[in-house]
Amino acid sequence: MAELLTLARPYAKAAFAYASEQGATDFWSNALSLLSAAVQDEAFSAYLNRPELTPAEQVSIFAKVLGEDQTAAVSNFLTLLAENDRLTLLPEIEAEYEQLKSQNNNTVDVVIESAFPLSSTQEQLLADALKKRFNAAVNVSVEVKPELIAGVVIRAGDQVIDDSALNKLEKMRTRLLA
């Protein structure tokens, strides 16, 4: 996974730099989302990865997916990916692009995994604390995961704050077995 992100990062940076320069970050975000979803579809991916297809034919297949959202810049980007056999990186490119876009907008996407549903007050308190910690606006989404037993796990980009009972029990088990 880390290797895929390493390969995808330069493409995402280039796409973001171009989109920012053109004032089209939202357009590129939508286009990359569509392309990523297409590549993740098993039937589409199998069709796309047939050995007899040339890079130009692969790009023309994507043109049908994008429809009117196909621009010369997106076509050139896809051509570059196809020629370097990197079309399968589109999901990672999209994820990295979205992270760059959030950083540029000074926002952080945060996922809070909780053992129990959070009240709106609890959610707001956590959001306020995270806003201070990251010094940025936060977009919070909450997922209920009963297997945590109690507590929360907070994920923001590559940072994880694990204050769950499951984690504490696992640490205790490790200490006792040492």
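Residues numbered from 1 in each chain as written. Predicted model: local features only at pLDDT ≥ 70, side-chain atom pairs only at ≥ 80, totals over all residues. Heavy atoms only, no water.

A. How the structure looks around the overall build of the protein chain. Scanning the protein chain from terminus to terminus reveals 8 helices and 4 strands. The N-to-C order of helical and strand elements in the protein chain reads α-α-α-α-α-α-β-α-β-β-β-α. Taking 178 residues into account, the globule formula puts the C-alpha radius of gyration at 16 Å, and the protein chain, at 20 Å, lies well above it. Principal axes of the C-alpha set define a box for the protein chain whose edges measure 60 × 40 × 25 Å. When the 178 residues of the protein chain are sorted by exposure, 35% land in the buried category. Within the protein chain, counting contacts between residues at least 6 apart in sequence, those at least 24 apart form 67% of the total. Taken as two groups, the 15 positive and 25 negative side-chain charges of the protein chain have centres that lie 10 Å from each other. (Helix = DSSP H or I, 4+ residues; strand = E, 2+ residues; numbered from the N terminus. Rg over C-alpha atoms; globule rule 2.2 N^0.38 Å. Buried < 20%, exposed > 50% of the residue type's maximum accessible area, 1.4 Å probe, protein only. Contact = heavy atoms within 4.5 Å. Lys, Arg positive; Asp, Glu negative; His and termini not counted. Charge placed at Lys NZ, Arg CZ, Asp CG, Glu CD.)

B. Examining unusual backbone geometry more closely. In this model, Asp-85 sits at a positive phi of 55°, which is unusual for a non-glycine residue. On the secondary structure map, Asp-85 appears in the loop between α5 (72-83) and α6 (90-104). Asp-85 gets classed as exposed once you look at its relative accessible area, which sits at 63%.

C. Looking closely at the pattern of salt bridges. For the structure on display, the rule yields 8 salt bridges. For Arg-9, the salt bridge is made with Glu-96, and the minimal N-O distance between the two is 3.3 Å. With Arg-9 in helix α1 (residues 2-22) and Glu-96 in helix α6, this residue pair connects regions lying 87 residues apart in the sequence. Taking the shortest distance from any N to any O, the salt bridge between Lys-145 and Glu-143 comes out at 3.9 Å. Residue Glu-143 is classed as partly exposed on the basis of its relative accessible area of 34%. (Salt bridge = Lys/Arg side-chain N within 4 Å of Asp/Glu carboxyl O.)

D. Broad picture of the confidence of the model for the protein chain. Summing up the model confidence of the protein chain, the mean pLDDT is 88 and the portion of residues at 70 or higher is 98%. Element-level pLDDT for the protein chain is lowest in helix α4 (residues 55-66), with a mean of 85, against a maximum mean of 91 in helix α7 (residues 120-134). (pLDDT = per-residue confidence, 0-100.)

E. Fine view of the pairing of strand β3 (residues 151-156). Two elements, strand β1 (residues 107-114) and β3, share 5 bridges in a ladder whose sense is antiparallel. Bridging from a neighbouring strand, Val-110 pairs with Ala-156 of β3. Pairing analysis gives 6 bridges linking β3 to strand β4 (residues 159-164), with the strands arranged antiparallel. Counted as the bridge partner of Val-152 is Asp-163 from β4. Two successive antiparallel strands, β3 and β4, enclose a turn made up of 2 residues, where Gly-157 displays a positive phi of approximately 65°. (Pairing = 2+ DSSP bridges.)

F. Summary view of the packing of aromatic side chains. Within this structure, the stated rule accounts for 4 aromatic pairs. Arranged with centres 5.9 Å apart and planes meeting at 70°, the rings of Tyr-18 and Trp-28 form a pair that is edge-to-face. Taken as a pair, Tyr-18 in helix α1 and Trp-28 in helix α2 (residues 25-40) lie far apart in primary sequence, 10 residues in all. With relative accessibility at 34%, the residue Tyr-18 sits in the partly exposed group. Ring-pair connections join several aromatic residues into one group, and the members of that group are Tyr-18, Trp-28 and Phe-77. (Phe/Tyr/Trp six-rings, centres within 6.5 Å; stacked < 30°, edge-to-face > 60°.)

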